[in-house]
Amino acid sequence: MLLLAVSAAVLSFFIHHTSAKAVFAHFMVTNSGNYTTSTWADEFALAQTARIDAFALNMGVGDSANEQGVADAFAAAAGTGFQLFFSFDYAANGAWAESDVIQYLTTYGSNSAHYQYDGKPFVSTFEGTENADDWTSIKASTNCFFVPDWSSVGAAAALELNGGIADGLFAWSAWPSGDLSMDTSTDTSYVDALAGKPYMMAVSPWFFTNLPGYGKNWLWNGDDLWYDRWKEVLSVEPEFVEILTWNDYGESHYIGPLREGAFAAFYYGGAPYNYAADMPHDAWRVTLPFSVGLYVDGTSAISQELLTVWYRPNPGSACATGGTTGNSASQGQEEFQPYDVVEDAVFYSALLASAPSSVSVSIGGVSQAGTWRNVPDSGVGLYHGSVPFNGNTGEVMVTVIGGAGTIAMAGDQDITTDCTNGVENWNAWVGNATGGLVSATA
Ligand SMILES: *[C@@H]1O[C@H](CO)[C@@H](O)[C@H](O)[C@H]1NC(C)=O
Ligand SMILES: *[C@@H]1O[C@H](CO)[C@@H](O)[C@H](O)[C@H]1NC(C)=O
């Protein structure tokens, strides 16, 4: 009997540690001021369809949306299997008081919808290195599993803060410099420094912000990023992935739906206009079940061929830059013109069961044959490529002729030199199309 019990405990310990891979999305609670529990429930259902396990609830100190938002979110998550944890933001409005952090974790940490790791309530931060000492008593009071983002000091220094109080680390490092493609050098430095402690890897599709009221106005290269970064997840194999973000409209890296009543950031941040309006990113979620399946299970089935397409609506030199820089000195970077870090091109990723015979992109009726920058080794999986604007404007059509038939997508946004308020929109329009039914495994 005793032997059996011990074996079961060892076995469950072993299983726990080999199956912990999980995918989270960063959620800005500040944008939820107009949400009801049914809005939250809708968000959770969309996230679950995309194989996201939990939202990291980002909260700045004293934000008026915090208390009701968190209460409604936990109420809506009950019984759905979707989970939540806190990401305390120490940069937005200053440092959190230790007692407030303890109170949130005491109230919600044992809620059935709170994400647990190793039987402990999981918790993260955005920055807060100067408050590292607070976590001695926070951990003692709440028994939390603590995975902060302390990127400002780097992995090695973060691991030394408060005698190594962090149980793992999150690196807020999801975008490449200049016109380069993203690589895994930062991820690798974290994994090495962590020496077996869990790493949380950031994955993001885009970054453009023009909110001078918050001192932010820059663009990072997101051209091939959504494709590249998920491939990098498969090579790094982190314990956790956090998608940046579900609903940060002001930084243009949302993958959740556009919601009227959630756009206050454009007003308070003094944006030249709402550059997320009519710029849906939902189609970036369409390939997630496949990508998450490869990451979590090591294999993914394809039952239908799919196409996701993204492009900026304005050629890079068509209008005024809006003061937007490519990269940002505020992030310690050399600055470029924004049009020098991104390409004027239509980008596409297709989930296919076999090699396609062709891909073509037509802009304003001018058709160009496309190429594939990336092809899956087995022939089954995600194919990715792009076609330059080549000076064309007008309606965008992308057509892939795959083994299971034609997949064609017509863009809702034309490419135009007629920019809103005369200022470039550096955000991406994202759309998708559905192809034939197939039965294949990658
Ligand atoms: C809620 O909606 C109103 C009306 O659209 C808007 O003025 C307000 O800024 C919204 N609040 C948030 C937090 O987005
Ligand atoms: C885009 O993907 C969504 C989610 O899979 C699907 O419901 C929708 O029909 C797709 N759109 C098109 C035009 O195929």
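How each quantity is defined
Residues numbered from 1 in each chain as written. Chains lettered and ligands numbered in written order. Predicted model: local features only at pLDDT ≥ 70, side-chain atom pairs only at ≥ 80, totals over all residues. Heavy atoms only, no water. Pairing = 2+ DSSP bridges. Helix = DSSP H or I, 4+ residues; strand = E, 2+ residues; numbered from the N terminus. Near = heavy atom within 4 Å. Polar contact = N/O pair within 3.5 Å; in protein donor to acceptor, adjacent residues only side chain to side chain. Areas by Shrake-Rupley, 256 points an atom, 1.4 Å probe, with all protein chains shown as cover. Nonpolar A, V, L, I, M, F, W, Y, C, P; charged D, E, K, R; others polar. Expected span 1.5 Å × (residues − 1). Buried < 20%, exposed > 50% of the residue type's maximum accessible area, 1.4 Å probe, protein only. Arc of directions from axis to C-beta. Contact = heavy atoms within 4.5 Å.

Participant: For this particular structure, what's the right way to read the sheet that holds strand E9 (residues 207-211)?
Facilitator: With respect to topology, 3 strands assemble into an open sheet ordered E9-E10-E13, the strand pairing being mixed. Since the sheet does not close on itself, it has two edges, and those belong to E9 and strand E13 (325-326), each with one partner. Where E9 lies against strand E10 (residues 216-220), 5 bridges are found, and the strand directions are antiparallel. Looking at the pairing, Leu 211 lines up with Lys 216 of E10.

Participant: So what exactly am I meant to see when it comes to the site of ligand 2 here?
Facilitator: Close to ligand 2 lie Val 286, Asn 432, Ala 433 and Thr 434, which account for all nearby residues. Here an oxygen atom of ligand 2 and a side-chain polar atom of Thr 434 are 2.6 Å apart. When isolated, ligand 2 has an accessible area of 360 Å², and the protein chains bury 37% of it. Of the residues contributing to the shell around ligand 2, the split by class is 2 nonpolar, 2 polar and no charged.

Participant: Looking at this structure, how should I read helix H2 (residues 37-49)?
Facilitator: For an α-helix, the turn length of 3.6 residues means that residues three or four places apart are oriented alike. For H2, built from 13 residues, the straight-helix expectation of 18 Å at 1.5 Å per residue is met to within 8% by its first-to-last C-alpha distance of 18 Å. Every buried residue of H2 is listed here: Thr 39, Trp 40, Glu 43, Phe 44 and Ala 47. Considered in projection along H2, the buried side chains sweep an arc of 135° and stay on one side of the axis. In H2, those exposed residues whose orientation departs by more than 90 degrees from the buried face are Ser 38 and Thr 49. Of the surrounding elements, those touching the buried residues of H2 are strand E1 (22-28), strand E2 (54-60), helix H3 (66-77) and strand E3 (83-89).

This is a description of form; function is not addressed.
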